[in-house]
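So the chains spell out like this:
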Amino acid sequence: MSRFLTLTAVLAVVSTSAMAGGHCAAGKTLEDGKLTIATGNPAYYPWVLNDAPESGEGFEAAVAYAVAAEMGFADEDVVWVRSSFDEAIQPGAKNFNFNMQQYSITAERDAVVDFSVPYYTAPMAVLVSPGATETEPTLAALRGLKWGAVGSTTAVPKLETVIQPDSAPLLYGDNADVNAAMSANQIDAALFDLPTALFLSAVMIEGSKVIGQFAPDESDNPDQFGMLMEQGNPLKACVDEALNAMKDSGKLAEIEAQWLQDTTGVPLIK
Amino acid sequence: MTEQKAAGLTRRQRYEAAQRKRAAIIATTSTVLVVAAIVILVPMTPGWEKVQRSFFNGATLVQTFPKLLDAFKINVMIFAWSAPAIAILGLLIALARDTKSPALFPLRIFGTAFTDIFRGIPVILTVYLIGFGIPGLGLPCPWNSPYIWGSLALILTYSAYVAEIFRSGIDSVHHSQRSAALSLGLTERQVTRDVVLPQAIRNVVPAQMNMLIALQKDVSLLSFIGPVEIFRQAGVFKSLLANFTPYVGAAIIFLIVTIPATRYADYLMARQRQERR
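Residues numbered from 1 in each chain as written. Chains lettered and ligands numbered in written order. Predicted model: local features only at pLDDT ≥ 70, side-chain atom pairs only at ≥ 80, totals over all residues.

**With respect to the interface of chain B and chain A**
Between chain B and chain A, the contact holds 15 residues from the first and 17 residues from the second. When residues of the side of chain B that touches chain A are traced back to their parent elements, those giving at least two are α6 (123–136) and α10 (230–241) of chain B. Here the side of chain B that touches chain A gets 5 residues from one element, more than from any other, and that element is α10(B). Counted by class, the side of chain B that touches chain A contains 9 nonpolar, 5 polar and 1 charged residues. (Contact = placed C-beta atoms within 7 Å. Helix = DSSP H or I, 4+ residues; strand = E, 2+ residues; numbered from the N terminus. Nonpolar A, V, L, I, M, F, W, Y, C, P; charged D, E, K, R; others polar.)

This is the structure we're talking about:
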């Protein structure tokens, strides 16, 4: 009897230590009991605030800690490493369990590395020229602007079906041309996915502003970000499970609202 | 009746008739063979079905053609206001380069520089530079419209070519005509306007027709700076439908316009040759 109790106790201890490493993730991480996550070098706003992922501030940092918690890792068990974008996307062994730096899931990339289920679907956002920054983020107000977009993107059907501007939009070959047209004041507003719009307004077009974003729409084939993992990584199933649980509980949407709508000050368009 | 007439033919006429018949048979046979080879062999290639689906898709063509036609109106519009401006500016540049007076040397320099620069720069670069560059200086709406500045880029480039053609026309009028007119007491101005130019312009009409056809296609370059003309509209459809048939549709519309124009230019050239004989 006492032997049986000892055995149960031993089993209990073993199972608790396994719990510390996560039920699903046990033994599948680089270092037992630790979860190694990579981010960009440097990591950018609004994905990671102040290039300090350890703070858990910024959308990707917050998602990383939430996923870790969902898999049973305490915050102090999360180890951060840095990697360049291209380095991580090449085939071969990795120094991280998963890598988050706005990797769009594409079939070509999926052939050499693995992706988790998407943790973010990039919505369309409205970038306006310096002269139109006071425009209300409502469809009625947007309709009166002179629009531009890249002709080969899904922004074009979105413009036609949702915004339906009063005057015909001007279309361009690439982002740089839209940029030039906005600088020349030939267009008041342009439609990009939110990350691109944030980048353009912060870096490329002085005085421009992202005034609103649309709710992500599954039907128009949007850009989706996934956590990048080594090809055939057994951890993928655990990460997917954690992300799906967070989607179902609304936790993921909550993090997105906090870091990508409130922090960036880009409201949803009504 | 016909037999009787045939019997009345000379040996030479009979020989020539036989030769013509033989040539017709050979031409027909070779044409049939070539067409048959294309029609039979091309579909036998392994990739034909895929190519057919993405380039010659009937359903896609029907679906996109009306909107392509609609977008073509923009091309026609830009063409309609650019072509007369090009003719006028081209002629002025040609006359500037052709001045003889020493006092007008700066004008000649200007004409030469103009043709050198705008003939030397690729059209698309001029379109970008003028279409984005000049409005970027801070012009107010609507004076920063890409339609205005894009058209100006086309006008400048094409005037350079057209001016050179006019100049060759002016050179083709024999010097004796000018001398004769001067000896009759006409002024330099009158000689140019009433003697040289009417002949010069008539001589280069066929060549200028070619420029019109080229311009008609190059209007599409304005799509790079915003206007949604037929080429851009086809590109939008291509991205949406992942199918290249809209480009083929655009090509069909272009051909509907350019083929009659080309035939007309041919006709003008043939008539001119006859007149010179």
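**Observations regarding the environment of A:I163**
Residues and elements named next belong to chain A. The residue I163 is located in helix α6 (residues 155–163) in this model. Judged by C-beta crowding, with 21 C-beta atoms within 10 Å, I163 ranks as buried. Taking the C-alpha atoms as reference, I163 lies 22 Å from T264; in sequence the two are 101 residues apart. With residues near it in sequence (within four places) discarded, I163 still touches L139, L142 and R143. (Buried ≥ 20, exposed ≤ 12 C-beta atoms within 10 Å, placed from the backbone.)

**Structural notes on the packing of helix α4 (residues 58–97) of chain B against helix α11 (residues 245–276) of chain B**
Residues and elements named next belong to chain B. Between α4 and α11, the shortest axis-to-axis distance is 9 Å and the interhelical angle comes to 50°. On the basis of their axis angle, the class for α4 and α11 is oblique. The two elements α4 and α11 cross, and the hand of that crossing is right-handed. Of α11, the residues touching α4 (which contributes T60, L61, T64, F65, L68, L69 and F72) are T245, P246, G249, A250 and I253. The class makeup of the residues in the contact of α4 with α11 is 8 nonpolar, 4 polar and no charged. (Axes fitted to C-alpha atoms, helices over the stretch in contact; angles between N-to-C directions. Parallel < 35°, antiparallel > 145°, perpendicular 65-115°, else oblique. Left-handed = near helix turned anticlockwise from the far one by under 90°.)

**Details of the environment of A:L170**
Of note, A:L170 is situated in strand β8 (residues 170–172). When neighbours within four sequence positions are excluded, A:L170 is seen to be in contact with A:G148, A:A181, A:Q186, A:I187, B:P146, B:G226, B:P227 and B:V228.

**Details of the domain arrangement of chain B**
You can read the domains of chain B as domain 1 (2–44) and domain 2 (60–276). With centres defined by C-alpha atoms, the gap from domain 1 of chain B to domain 2 of chain B works out at 43 Å. (Domains from an automatic or database assignment.)

**A few points about the confidence of the model for chain B**
Summing up the model confidence of chain B, the mean pLDDT is 90 and the portion of residues at 70 or higher is 97%. Predicted as a complex, the structure gets a pTM of 0.73 and an ipTM equal to 0.73. (pLDDT = per-residue confidence, 0-100.)

**Re unusual backbone geometry**
At the junction of A:N41 and A:P42, the peptide bond is cis and its omega measures out at 0° in the coordinates. Position of A:P42 among the secondary structure elements: in the loop between β1 (35–39) and α2 (59–70). In this model, A:Y45 is joined to A:P46 through a cis peptide bond whose omega is -5°. Structurally, A:P46 is set in the loop between β1 and α2. Notably, A:N50 is not glycine yet its phi reads approximately 55°, a positive angle. Take A:N50: it is sitting in the loop between β1 and α2. Judged by C-beta crowding, with 12 C-beta atoms within 10 Å, A:N50 ranks as exposed. One non-glycine residue with positive phi stands out, namely B:A242, at about 50°. The topology assignment puts B:A242 in the loop between α10 and α11. B:A242 sits in the exposed class, given 8 other C-beta atoms within 10 Å.

**A word on the sheet that holds strand β10 (residues 209–213) of chain A**
Residue and element names in this part refer to chain A. What the 5 strands build is an open sheet, ordered β8-β7-β9-β6-β10; its pairing is mixed. Each having just a single partner strand, β8 and β10 make up the two edges of the open sheet. Averaged over all pairs of adjacent strands, the angle between their axes in this sheet comes to 30°, without regard to strand direction. (Pairing = 2+ DSSP bridges.)

**Overview of the nonpolar core**
Among the nonpolar cores identified, the biggest contains 122 residues, and A:V126, A:L127, A:A149, A:A189 and A:A190 are the most heavily contacted of them. Ranked by residues supplied to this core, first place goes to helix α7 (residues 146–172) of chain B with 12 residues. Each residue touching A:V126, except ones within four places of it in the same chain, is listed here: A:L142, A:A189, A:L191, A:V210, A:I211, A:G212 and A:I269. (Core = buried A, V, L, I, M, F, W, Y, C linked by C-beta atoms within 7 Å.)

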